[in-house]
Amino acid sequence: MTTKAWQRAHDRAADALRPLRVEPDIQPQAYASLLISTGATQVVCAVSLEEAVPPFLENSGQGWITAEYAMLPGATSSRNRRETAARSGRSMEIQRLIGRSLRQMVDLTRLCPYTLRVDCDVLNADGGTRTAAITGAALAVRAAIARMVREHRLPCLPLLRPVAAVSVGLVDGEVLLDLDYREDARAEADGNFVMAGGDWVEIQVSAEGRPLTDGEFALMKNSARAGIETLQSLWQRQDLDHPAARA
């Protein structure tokens, strides 16, 4: 079923993801990298490997995963000011969310004494940039850890939980999965949902016009779970190319 108010882009049903594509090795000089595209939203995720941990983890026997997020000046219809030394409050909030999510992928003691630093740069923004960044960054970290095993930096591949994220909104009284910008701007409520394996990592939901009912929130959460399970199927694909990209 599509929305009553207008046809969704890509002729999507209310419970359908946007066309999704992942292009690996987009930055060959990075330790691991990819370009994730969800509809018109595009994010480059690149991993750097550091043979050290932050000072607060020294002698802890634990590795670390952290992230930085930025939106490039031409990513939106009006130019974003380039972020250099100081990050905006929004970017700081998002990169902390990305880092928290990525650290749920793996037992960090298995990464000692390394730090994986993930840069997420938005090339084009059409809604869902933080959720695309989380999904793409997790796949890039998976590729980096696999490379560490191939290079004998790690003795074996640690257990990895598939991490993915998606947005869900309530638009004209209907629950819609994976909002684009036009839908997000109209939403009566919107949320970002992150899972590691079958468990929740973080849920961020805000109501705009009125409070959400328990039933509406449950529908949003169920829609998010179904969408994330589809995204997590990327972990089983060798080419990292979701079939929706060819639909």
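Fair warning: this is a prediction, and the values are worked out from it, not measured in the lab. Throughout this document, residue positions are counted from 1 along each chain, in the order its sequence is written. Reporting in this predicted model follows two pLDDT cut-offs: at least 70 for local features of residues, and 80 or more for side-chain atom pairs to be given and counted; totals over whole chains, interfaces and linings ignore these cut-offs and use all residues. For the side-chain quantities, the full set of heavy atoms in the structure was used; hydrogens and water were omitted.

Draft legend 1. Geometry of the UniProt feature "binding site: phosphate" (unreviewed entry) in the chain. Here the UniProt feature "binding site: phosphate" (unreviewed entry) sits at Arg 90, Gly 128, Thr 129 and Arg 130. These residues run over 41 residues, yet every pair of their C-alpha atoms falls within 13.7 Å of each other. Strands here mean DSSP runs of E at least two residues long; helices mean DSSP runs of H or I at least four residues long; both are numbered from the N terminus. Secondary-structure assignment places Gly 128 in the loop between strand E5 (115–124) and helix H2 (129–150). A 1.4 Å probe rolled over the protein chains alone gives each residue an accessible area, and that area as a share of the maximum for its type sets the label: buried under 20%, exposed over 50%, partly exposed in between. The class for Arg 130 is buried, based on a relative accessible area of 14%. Contacts are residue-level and defined by heavy atoms, with any inter-residue pair within 4.5 Å sufficient. Contact partners of Arg 130, with chain neighbours within four places excluded, come to Arg 90, Glu 93, Ile 94, Leu 97, Asn 192 and Gln 204. For the purposes of these results, a polar contact is taken to be a pair of N or O atoms within 3.5 Å, where, inside protein, one atom must be able to donate a hydrogen and its partner to accept one; residues adjacent in sequence count only when each atom of the pair is a side-chain atom. Within polar-contact distance, the side chain of Arg 130 engages the side chain of Glu 93 at 3.0 Å. UniProt positions are given in the numbering used here, feature names are shortened, and annotations may be inferred rather than shown by experiment.

Draft legend 2. Region of the structure containing helix H4 (residues 214–232). How far a helix is expected to stretch is found by multiplying one less than its residue total by 1.5 Å. When the terminal C-alpha atoms of H4 are compared, their 27 Å separation across 19 residues agrees well with the 27 Å that a helix rising 1.5 Å per residue should span. Listed in full, the buried residues belonging to H4 are Glu 216, Met 220, Ser 223, Ala 224, Gly 227, Ile 228, Leu 231 and Gln 232. Angularly, the buried residues of H4 cover 170 degrees about the axis, an arc narrow enough to put them on a single face. For H4, exposure combined with an orientation more than 90 degrees from the buried face picks out Asp 214 and Leu 219. Starting at the helix axis, one direction is taken to each C-beta atom, and the arc is that of these directions.

Draft legend 3. Seen up close, the packing of helix H1 (residues 89–102) against H2. Packing of H1 against H2 brings their axes to within 10 Å, and their N-to-C directions diverge by 40 degrees. Of the possible angle classes, the one that applies to H1 and H2 is oblique. Our pair here, H1 against H2, has a crossing hand that is right-handed. On H2, the residues that touch Arg 90, Glu 93, Ile 94, Leu 97, Ile 98, Ser 101 and Leu 102 of H1 are Thr 129, Arg 130, Ala 133, Ile 134, Ala 137, Ala 138 and Val 141. Gly is placed with the polar residues, together with every amino acid not listed as nonpolar (Ala, Val, Leu, Ile, Met, Phe, Trp, Tyr, Cys and Pro) or charged (Asp, Glu, Lys and Arg). Among the residues forming the contact of H1 with H2, the class breakdown is 9 nonpolar, 2 polar and 3 charged. Helix axes are fitted only over the stretch in contact, all axes being lines through C-alpha atoms; the angle between N-to-C directions runs from 0 to 180 degrees. Any angle that falls under 35 degrees is termed roughly parallel, while one over 145 is termed roughly antiparallel, one within 65 to 115 roughly perpendicular, and all others oblique. Note on convention: near helix rotated counterclockwise from far helix by under a right angle means a left-handed crossing. Clockwise means right-handed.

Draft legend 4. Looking closely at the side chain of Asp 180. As for its position among the elements, Asp 180 is in the loop between strand E7 (174–177) and helix H3 (181–186). Here the positive residues are Lys and Arg and the negative ones are Asp and Glu; neither His nor the chain ends is included. Salt bridge criterion: a side-chain nitrogen from Lys or Arg within 4 Å of a carboxyl oxygen from Asp or Glu. One buried charged residue, Asp 180, remains without a salt bridge, the closest side chain of opposite sign being Arg 12 at 4.5 Å. Engagement of the side chain of Asp 180 in a polar contact is seen with the backbone nitrogen of Arg 182, the distance being 3.3 Å. Within the structure, the side chain of Asp 180 is placed 2.9 Å from the backbone nitrogen of Glu 183, a separation counted as a polar contact. Beyond its immediate sequence surroundings of up to four residues, Asp 180 is in contact with Ala 9, Arg 12, Arg 18, Asp 126 and Gly 127.

Draft legend 5. Region of interest: the pairing of strand E8 (residues 189–196). Here E8 lies mainly inside the structure; 7 of its 8 residues are buried. Sheet analysis places E8 next to strand E9 (residues 199–207), joined by 8 bridges and oriented antiparallel. Residue pairing in the sheet places Met 195 in a bridge with Trp 200 of E9. For two strands to be treated as a pair, DSSP must find no fewer than two bridges joining them. Following E8, the chain reverses through 2 residues before pairing antiparallel with E9; Gly 197 in that reversal takes a positive phi of roughly 60 degrees.

Draft legend 6. Up close: the sheet that holds E9. Here 4 strands make up an open sheet; going across it, the order is E7-E6-E8-E9 and the pairing antiparallel. Strands at the two margins of the open sheet, each flanked by one partner only, are E7 and E9. For this sheet, the mean angle separating the axes of adjacent strands, direction not counted, is 20 degrees. This element, H1, spans strand E6 (163–171), E8 and E9 of the sheet and lies at about 155 degrees to E9. The sheet contacts of H2 involve E6, E8 and E9, and relative to E6 the element is tilted by about 160 degrees.

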